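Listed below, chain by chain, are the residues.
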Amino acid sequence: MTTRELSRKPDAVVRARPLRWVTRGARSLRGRKLFFLSLFLVLGLLFLAVFAPLVVPYNPLKTNPEEQFLAPSRVHWMGTDQFGRDMFARLVHATRLDLMISFSVVGLALVVGSLLGALSGYVGGMFDDVLMRVVDILQSFPAFILAMGMAAVLGNSIGNVILAIGVAYTPYFVRLTRGEMLKVRHLEYADAARCVGVSPWRTLYYHLLPNSITPSLVQAALALGWAMLDTAGLAFLGLGIRPPVPEWGVMVSEGAKNILSVEWWTWLFPGLAIFVAVFGFNGIADTLRARVMREE
Amino acid sequence: MDSSILRIDGLHKQFRLDRATTVHAVNGVDLDLAPREAVGLVGESGCGKSTTARCIVRLEQVTQGKIFFLDQEITAMSQREFRPLRRSIQMVFQDPIMSLNPRLSVRQTLREPLLVHHLASGHEEMNARIEEIMSLVNLEPSLLNRNPRQLSGGQRQRVGIARALVTRPKMVVLDEPTSSLDMSIRIHVIDLLIRLQQQLGMAYLFISHDLSTVRNLCQRVLVMYLGRVVEMGPVEAIFDRPLHYYTQALLSAIPIPDPKTRRQRIILKGEPPSLTRLPPGCGFADRCEFAAGSCKQEQPALYDVGNGHQVACRHAAGLRS
Amino acid sequence: MAARAVDQLARRVSGHTSDADELLRVEHLSISFPAREGRVAVVDDVSFDVRREETVGLVGESGSGKTVTALAIMRLSRSPALVEKGQIWFEGEDLQAKTERLMCQVRGRSISMIPQTPRSSLNPLMRVGDQIARPFQLHQGMGRREARQKAREMLRQVGISEAQRHMRSYPHQLSGGMSQRVLIAMMVACEPKLLIADEPTTGLDVTIQAQIFALIKQVQQDRRMAVLLITHDLGVIAELCQRMVVMYAGHVMETGTVGCVFEKPGHPYTRMLLHSMLRIDRTADVTPVGRGIEDIAYTMTSCRFAPRCPSVMDICWAQKPAIVATEPGHQVMCHLYRQE
């Protein structure tokens, strides 16, 4: 092989540019716009969550009976609620809580679910059978009902909410990862790893797990949105987060009492906040899914 | 034979599909491989050659029979006991796309065998060994950081070969290493394999349905049909003077790129019987021109016709039935 | 008009027989595909012909454009492939000019194609017998019962024993070899004049391959069909074909009778192909040459084999060679030759 031949070989070199990976080859410009919009929204929310106290001058918990139900103005951007608390301040502080819960829930479900699912698919046998029956039982309840039941039993605290919804979501990740593992287990590189002398655990951890987790990751992005809705739903029903803690679901629940009267700002803004967050998460999830499908 | 590096005694492998069906993939295979020897295992799909290979590297559990590697009975070992030996028996797989982990770079793929068998102390030695093997298989070091997806078919297969050789094994099992490759690439890989064997002195067990590759690479050949060896011997003997009717048909089926040679081509009738219902006698009897009554009742043994050439057929061996 | 007359004269001079013998003529066919730099001519100015009852081999490595050409003949090219220019004459009619409706009458009845993978060409939800009966119903207007009878007859003709049983089978119940036989039965049912076989034995065992080729030969003789056999295997060409067309990166490099091309290969690529084949009758001097068609070849307007050619000259990079007849009926496109 002469050096002349080598230099002429037109091998494709893929340079990894992080966001480009997602949108490269996107079939429509619309898809790309959607991604960046969603990303912008989510990042914006994250920013608000992190820098909440710096952004808002008002204390979200401070009640001010004289100032109740003030319409949005330059002083109070989103008005005040029935206790005179600044809506905007509450909204922004709620971002922290809601995002934290969503990420925790999905984090819990993803990690526990994927590990269990991967193990189950790899090991098979009795362990797999038993786990699948447990998953079946859990999945026979709609996720929200299950979360409701658990929150009612466990009690109303942030930790319990995360646990309740997290457990309700775990079966989905178990199933997804197990399914991929069953596929991947028989691929030649798994055999090749065994031939090389890799121990079964190392094969599972280094080779098979990373390759079976992709659908779960895509689902996780979607689940962030669902978790947001479920948290708000629980709070609305009086389970989980309770007032005066600022949380979008709580705020919607409080504002819902005013739905027919004049004080539209008490329910509209929290509702919009939920909408924006879920929209952002779903947009990212959608793009990820499209990207993964394109790769296949 | 104590000079053989691999010895297979009476290998049987069955797969149980469900309560009613058992696939009899390998039905009594004996094989000897000497150091530095290249032996070909040929046959068509379903003949059991791949399963035999997988049994040798213990990707499958043997149903019956013994396999000896370097005089140690590997079939009696547990997976854990066998693992250190894997350094000396390696395998090259058929599909270069599927046999490389898509998430690992070439460097990571090549590093793993060294890591697992503790063959390199420290980064420098590891990189040195990796670069050495890359140059042996004619791959530029710049490819080390690439993913399999970014390589061509021939390059991927060479990575697979490099991975098998990085531990300097004494024996390599190659399961159809060129079947997925394009014609022009195939020759490169064969040429590489020949050179590597000369340079590194390993034994090859080369599994293929492509007889022309086997002719150019191997010194001995075993022809398999329905899980059994029907003929074996030195490569010239098998290719120039095939005795078993199946071997003759196999060879005659391959078109020769020369319009002037007119051959009498043997066209076999029908298709091989199912592996779930093995006929009692010679598995080839229902397609064989020369089948006699006893052929269908009794399974023929391998008859020696001299010079290391054996054939599992009374008629072919010139004996009376 | 005048152009055609000159054309006919030229053919007579170069050894072609009369027009009446000619069945298919591909003329200056160019097909493009989208690439990063715009559209790229994957098939560029390809011309060849097939006469009645003859077997022509279209040979080249993967990426040479053989399948794309075959699909274009059947007017089955789909985007992203685009036929940029060229004509395809079949029995004197330009297939490119026909409407889709008229083409449907051509396919299956006058020209048939056996693709590479029989499995994916058979409808998995339809029984085999019904699938073979379809062409009879479609092109010959037969009733259901009569068509099924004919289908059974076809199964027997292609060597499937127990025809009755297999009439009711589904494609996934058949082996690779049998699926290919069924496909052949389907495709020759209405006795087309031209059969295009695109690597019909890919993935099949060697002894089954022999059976399939024997079947194609038999079917051809019985029905007096012409066959355009696409393959990368020179052995198959040597055995089955009378004439051959060698393609590389979308260009036709050499055409001629099989005897002439094998004995006196003109083009360096053909020589390379012939010398680099592994053979079973002797151990070849295995000298690897070239590594497959490079991507850059498809954008070249000069000779596309230049990057790999052992006899390359400066002019090869600059200009596309003219087609030269090195002997009657044997044409090569290479700068090494000049029309005397």
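Residues numbered from 1 in each chain as written. Chains lettered and ligands numbered in written order. Predicted model: local features only at pLDDT ≥ 70, side-chain atom pairs only at ≥ 80, totals over all residues.

Enquirer: Help me understand the overall build of chain B in this model?
Expert: Secondary structure assignment for chain B yields nine helices and 12 strands. For a compact globule of 321 residues, the expected C-alpha radius of gyration is about 20 Å, and chain B comes in at 21 Å, within 12% of that figure. Looking at chain B as a whole, 50% of its 321 residues qualify as buried. The long-range share in chain B, meaning contacts at least 24 apart out of those at least 6 apart in sequence, stands at 63%. (Helix = DSSP H or I, 4+ residues; strand = E, 2+ residues; numbered from the N terminus. Rg over C-alpha atoms; globule rule 2.2 N^0.38 Å. Buried ≥ 20, exposed ≤ 12 C-beta atoms within 10 Å, placed from the backbone. Contact = placed C-beta atoms within 7 Å.)

Enquirer: How do you make sense of the packing of helix α5 (residues 128-139) of chain C against helix α6 (residues 144-157) of chain C when you look at a structure like this?
Expert: When two helices pack together, their arrangement is captured by the angle between the axes and the distance separating the axes. Residue and element names in this part refer to chain C. Contact geometry of α5 with α6 gives a least axis separation of 8 Å together with a crossing angle of 115 degrees. Crossing of α5 against α6: the hand is right-handed. On α6, the residues touching G129, I132, A133, F136 and Q137 of α5 are A147, R148, K150, A151, M154 and L155. Its residues placed into classes, the contact of α5 with α6 shows seven nonpolar, two polar and two charged. (Axes fitted to C-alpha atoms, helices over the stretch in contact; angles between N-to-C directions. Left-handed = near helix turned anticlockwise from the far one by under 90°. Nonpolar A, V, L, I, M, F, W, Y, C, P; charged D, E, K, R; others polar.)

Enquirer: When you look at the interface of chain B and chain C in this model, what are you seeing that I'm missing?
Expert: Often, the extent of an interface is quoted as the loss of accessible area upon association of its parts. Counting from both sides, the interface comprises 32 residues of chain B and, opposite them, 35 residues of chain C. Elements with a minimum of two residues in the side of chain B that touches chain C: α6 (183-200), α7 (211-217) and α9 (245-252) of chain B. Here the side of chain B that touches chain C takes seven residues from α6(B), the largest share from any one element. Of the residues assigned to the side of chain B that touches chain C, the class counts are 17 nonpolar, eight polar and seven charged.

Enquirer: Any chance you could explain the nonpolar core here in plain terms?
Expert: One recurring pattern in soluble globular proteins: nonpolar side chains tend to sit buried together. Ranked by internal contacts, the top residues of the largest apolar core, which has 204 residues, are L205(B), F206(B) and V223(B). Beyond its immediate sequence surroundings of up to four residues, V223(B) is in contact with V42(B), G43(B), V229(B), V230(B), E231(B), M232(B), I238(B), H244(B), Y246(B), T247(B) and L250(B). Residues L45(A), A94(A), V218(A) and A227(A) belong to the second largest nonpolar core, which totals 62 residues. (Core = buried A, V, L, I, M, F, W, Y, C linked by C-beta atoms within 7 Å.)

Enquirer: What should I look at first to understand helix α7 (residues 143-154) of chain A in this one?
Expert: For an α-helix, 3.6 residues make a turn, and residues three or four places apart therefore share a direction. Residue and element names in this part refer to chain A. The end-to-end C-alpha distance of α7, which contains 12 residues, comes to 16 Å, matching closely the 16 Å that a straight helix rising 1.5 Å per residue would cover. Along α7, the residues that are buried comprise A147, M148, M150 and A151. Looking at the buried side of α7, the elements it contacts are α8 (158-184) and α11 (214-237). Just downstream of α7 lies G155, where phi reads positive at about 110 degrees. (Expected span 1.5 Å × (residues − 1).)

Enquirer: Help me understand the sheet that holds strand β2 (residues 22-33) of chain B, please; the structure alone is not making it clear to me.
Expert: Backbone hydrogen bonds hold the strands of a sheet together, and the pairing may be parallel or antiparallel. All names here are of chain B. Spatially, the four strands line up as an open sheet ordered β2-β1-β4-β5, and their pairing is antiparallel. The open sheet has two edge strands, β2 and β5 (72-73), and neither has a second partner. Sheet topology note: the strand β1 (residues 6-16)/strand β4 (residues 64-69) ladder contains five bridges and is antiparallel. Counted as the bridge partner of I8 is I67 from β4. (Pairing = 2+ DSSP bridges.)

Enquirer: How should the pairing of strand β1 (residues 22-35) of chain C be read in this particular structure?
Expert: Residue and element names in this part refer to chain C. Of the pairings in the sheet, the one linking β1 to strand β2 (residues 38-51) comprises 10 bridges and is antiparallel in character. Directly across from E22, in β2, lies its bridge partner R51. Between β1 and β2, which pair antiparallel one after the other, the connecting turn spans two residues. Here β1 pairs with strand β4 (residues 82-90) via seven bridges, running antiparallel. Each residue of the ladder has a partner; that of S32, found in β4, is L82.

Enquirer: Whenever I open this one, α8(A) confuses me. Can you help?
Expert: Residue and element names in this part refer to chain A. Compared with an ideal rise of 1.5 Å per residue, which puts 27 residues at 39 Å, α8 spans 38 Å between its outermost C-alpha atoms and is within 8% of the ideal. Largest kink in α8: about 30 degrees, centred on Y169, with the proline P171 one to four residues after it. Among the 27 residues that make up α8, 20 are buried, leaving the element largely enclosed by the rest of the structure. (Bend = angle between axes of the 7 residues up to and from the residue.)

Enquirer: Quick question: what am I supposed to make of the packing of helix α5 (residues 87-123) of chain A against helix α6 (residues 125-139) of chain A here?
Expert: All names here are of chain A. Direction vectors running N to C along α5 and α6 enclose 135 degrees, while the axes themselves pass 7 Å from each other. One way to sum up the angle between α5 and α6 is to call them oblique. α6 is crossed by α5, and the crossing has left-handed handedness. Mapping the contact onto sequence places L116, S120 and V123 in α5 and G125, F127, D128 and L131 in α6. (Parallel < 35°, antiparallel > 145°, perpendicular 65-115°, else oblique.)

Enquirer: Please explain the confidence of the model for chain B as it appears in this structure.
Expert: Segments scoring low in pLDDT should not have their predicted coordinates read at a detailed level. Per-residue confidence for chain B gives a mean pLDDT of 88, with 98% of residues at or over 70. Mean pLDDT values for the elements of chain B range from 85 in α6(B) up to 95 in strand β3 (residues 38-42) of chain B. (pLDDT = per-residue confidence, 0-100.)

Enquirer: What exactly am I supposed to notice about the pairing of strand β7 (residues 194-198) of chain C here?
Expert: Two faces make up the sheet, and in a regular strand the side chains alternate between them. All names here are of chain C. Buried residues dominate β7, accounting for five of its five residues. The alternating pattern of β7 places L194, I196 and D198 and L195 and A197 on opposite faces, both of which are buried. Of the pairings in the sheet, the one linking strand β6 (residues 111-114) to β7 comprises four bridges and is parallel in character. Bridge pairing in β7 links S112 to L195. Assessed by its sense of winding, the connection that carries the chain from β7 through helix α9 (residues 206-223) to strand β8 (residues 226-231) is right-handed. (Right-handed = clockwise from strand over helix to strand, strands pointing away.)

Enquirer: It is not clear to me how unusual backbone geometry should be interpreted in this structure. Could you clarify?
Expert: Peptide bonds are mostly trans, and most non-glycine residues show a negative phi. Residues and elements named next belong to chain B. Residue R36 is not a glycine yet carries a positive backbone phi of 65 degrees. On the secondary structure map, R36 appears in the loop between β2 and β3. Residue R36 is classed as partly exposed on the basis of its C-beta count, with 16 C-beta atoms lying within 10 Å.

Enquirer: Explanation requested: the sheet that holds β8(C) in the structure shown.
Expert: Residues and elements named next belong to chain C. Read across the sheet, eight strands follow the order β6-β7-β8-β3-β9-β10-β12-β11 without closing on themselves; strand pairing throughout is mixed. Sheet topology places β6 and β11 (323-327) at the edges, where each strand pairs with a single neighbour. Neighbour-to-neighbour, the strand axes of this sheet turn through a mean angle of 20 degrees, independent of strand direction. Along the sheet, helix α8 (residues 176-188) makes contact with β6 and β7, crossing β6 at roughly 170 degrees.

Enquirer: How should the confidence of the model for chain C be read in this particular structure?
Expert: Residue and element names in this part refer to chain C. When pLDDT is averaged across chain C, the result is 84; 90% of the residues are at 70 or more. With pLDDT under 50 throughout, residues 12-17 is counted as low confidence; its partners more than four residues away or in other chains account for five contacts. Scored by ipTM, the complex comes to 0.84, with pTM at 0.79.

Enquirer: Teacher, can you tell me more about the environment of D98(A) here?
Expert: All names here are of chain A. Position of D98 relative to the elements: it lies in helix α5. Among the residues examined, D98 registers 26 C-beta atoms within 10 Å and is labelled buried. For the pair D98 and K183, spaced 85 residues apart in the sequence, the C-alpha separation amounts to 36 Å. Sequence-distant contacts of D98, defined by excluding residues within four places in its chain, comprise M228, T231, E247, W248 and A277.

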